[in-house]
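Residues per chain are reported as follows:
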Amino acid sequence: MTKGLNLQSLKIENRSLILYALNSEGALSRKELSAKLGLTPAAVTKICAALIEKGFVKESGEADMAGKSGRKEIMLSLCLDGRLAFGINAEKDGITLSVSDFSGRLLKRERLGFISDVDEVIKKSRSFLDTFEKRDKIVAAGVCIIGSLSENDFGIWKEQHLKERFEKAFDLPVVIENNVKAFAEGELLYGNVRSAGSVLFLKWGPGVGSAIIANGKVFSGNDSSITEIGHYIVNPAGVRCRCGRFGCLETEVSEDAILSEINNGQTLDESFKNCNNNIINIIDHKIDMVALTLTNTATILNTNSIVLFGTMFNNDFVQAKLKKQCLRYNTNLSEDMIEVSKLNSDGDYIGATAICAKKFFFESED
């Protein structure tokens, strides 16, 4: 690699460090940024000047110098509100279209049933965007899908060249990500783990997924897939999973699996409201499976925190019982180390927002 490319990569990395620091810490002065990041004051001043010129950062008042003498320091903060993301979040039970700003604030949302025809998704998306007044402020589109990102098997749609098709249809740059990893990126940008060390992130709902957040990054394996405890084998005599193995955690505890075992013709919410001893025993058993898998994984990874995300955690009973079982199985955990994400109600759009903000703001190469 040439010297010029090395310098450019370093410049981009240092710019990202400053943006991420302002996101996790809030407003900071140039002096504080220099001390926190180990960058020279001259480098911080130069990078911040360029970020201010681009409108990524703004000066936001003077620091509180109570009891101190000398020149007052100027505080810097992010400019996220004016940059918008269009989102498509595709789950088994439906698709959500959204527009939000890069700070994570939702501006418009529409929920649809699941659509298998990508051309119909494009048609619905165009109609959605046509009714949005600030269409010209949308910087990029984020697409969150279940499953693989392979060009030959694009997750839930089983389509090739999906990115190119969306970019042509929307006239926007597009980033596509596995939904669980995208949700973890949202947790890192907008949740309570921005400065945490090692975090195990669990999504439990129509499916089961997981990710690891370590040192400010969402961990990916060698094949670019996230660490996936949904495919830990918990019942060798269980049904065949979509991954080809038998008795994976997802096949045992997904919402569909629970409903199939309860078999009372009701929705899961209705079943929770009309619990009898049989239903309680079934749900207890499913929670126990998740707790064992979660605590074993947390032990191996030595995580500082476990973040719970997904529709199953809308239920207080599930939240409380899972925490209780995790603490029972791993005495090194404490109750404050296990929490439901504050973004849980935003799950149908926050991942798409996060992957756009990451690529086109925090780690932008422009």
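In case you missed it, the structure is sitting above this.
Rules behind the numbers
- Residues numbered from 1 in each chain as written.
- Predicted model: local features only at pLDDT ≥ 70, side-chain atom pairs only at ≥ 80, totals over all residues.
- Heavy atoms only, no water.
- Axes fitted to C-alpha atoms, helices over the stretch in contact; angles between N-to-C directions.
- Helix = DSSP H or I, 4+ residues; strand = E, 2+ residues; numbered from the N terminus.
- Left-handed = near helix turned anticlockwise from the far one by under 90°.
- Contact = heavy atoms within 4.5 Å.
- Nonpolar A, V, L, I, M, F, W, Y, C, P; charged D, E, K, R; others polar.
- Phe/Tyr/Trp six-rings, centres within 6.5 Å; stacked < 30°, edge-to-face > 60°.
- Lys NZ or Arg CZ within 6 Å of the ring centre and 35° of its normal.
- Parallel < 35°, antiparallel > 145°, perpendicular 65-115°, else oblique.
- Expected span 1.5 Å × (residues − 1).
- Polar contact = N/O pair within 3.5 Å; in protein donor to acceptor, adjacent residues only side chain to side chain.

A. Spotlight on the packing of helix α4 (residues 118-130) against helix α5 (residues 162-170). Interhelical geometry of α4 versus α5 gives an angle of 35° and a closest axis separation of 10 Å. Crossing handedness for the pair α4 and α5: right-handed. Contacts between α4 and α5 involve V118, D119, V121, I122, S125, R126 and L129 from the first element and L162, R165, F166, A169 and F170 from the second. When its residues are assigned to classes, the contact of α4 with α5 shows 8 nonpolar, 1 polar and 3 charged.

B. Up close: the packing of aromatic side chains. One pass over the structure, following the stated rule, counts 10 aromatic pairs. With a centroid separation of 5.5 Å and 10° between ring planes, the pair formed by F166 and F170 is classed as stacked. Separated by 4 residues within a single helix, F166 and F170 lie in helix α5, roughly one turn from each other. Over the ring of F56 we find K54, and its NZ or CZ is 4.5 Å from the ring centre. Across the ring face of F360, the terminal group of K359 is positioned such that the distance to the ring centre comes to 5.9 Å.

C. Seen up close, the packing of helix α10 (residues 277-301) against helix α11 (residues 316-329). Across the interface, α10 lies against α11 with an axial gap of 9 Å and an inter-helix angle of 45°. Taken together, α10 and α11 sit at an angle that is classed as oblique. Handedness of the α10/α11 crossing: right-handed. Residues I283, D284, I287, D288, V290, A291, L292, L294 and T295 of α10 lie in contact with α11, whose contacting residues are F317, V318, K321, L322, Q325, C326 and Y329. In the contact of α10 with α11, the residues fall into 11 nonpolar, 2 polar and 3 charged.

D. Quick look at α10. In this model α10 runs 36 Å from its N-terminal to its C-terminal C-alpha over 25 residues, within 8% of the 36 Å that 1.5 Å per residue would give. The N-terminus of α10 is capped by N276, whose side-chain oxygen sits 3.0 Å from the backbone nitrogen of N278. After α10 finishes, the residue N302 shows a positive phi value of roughly 55°.

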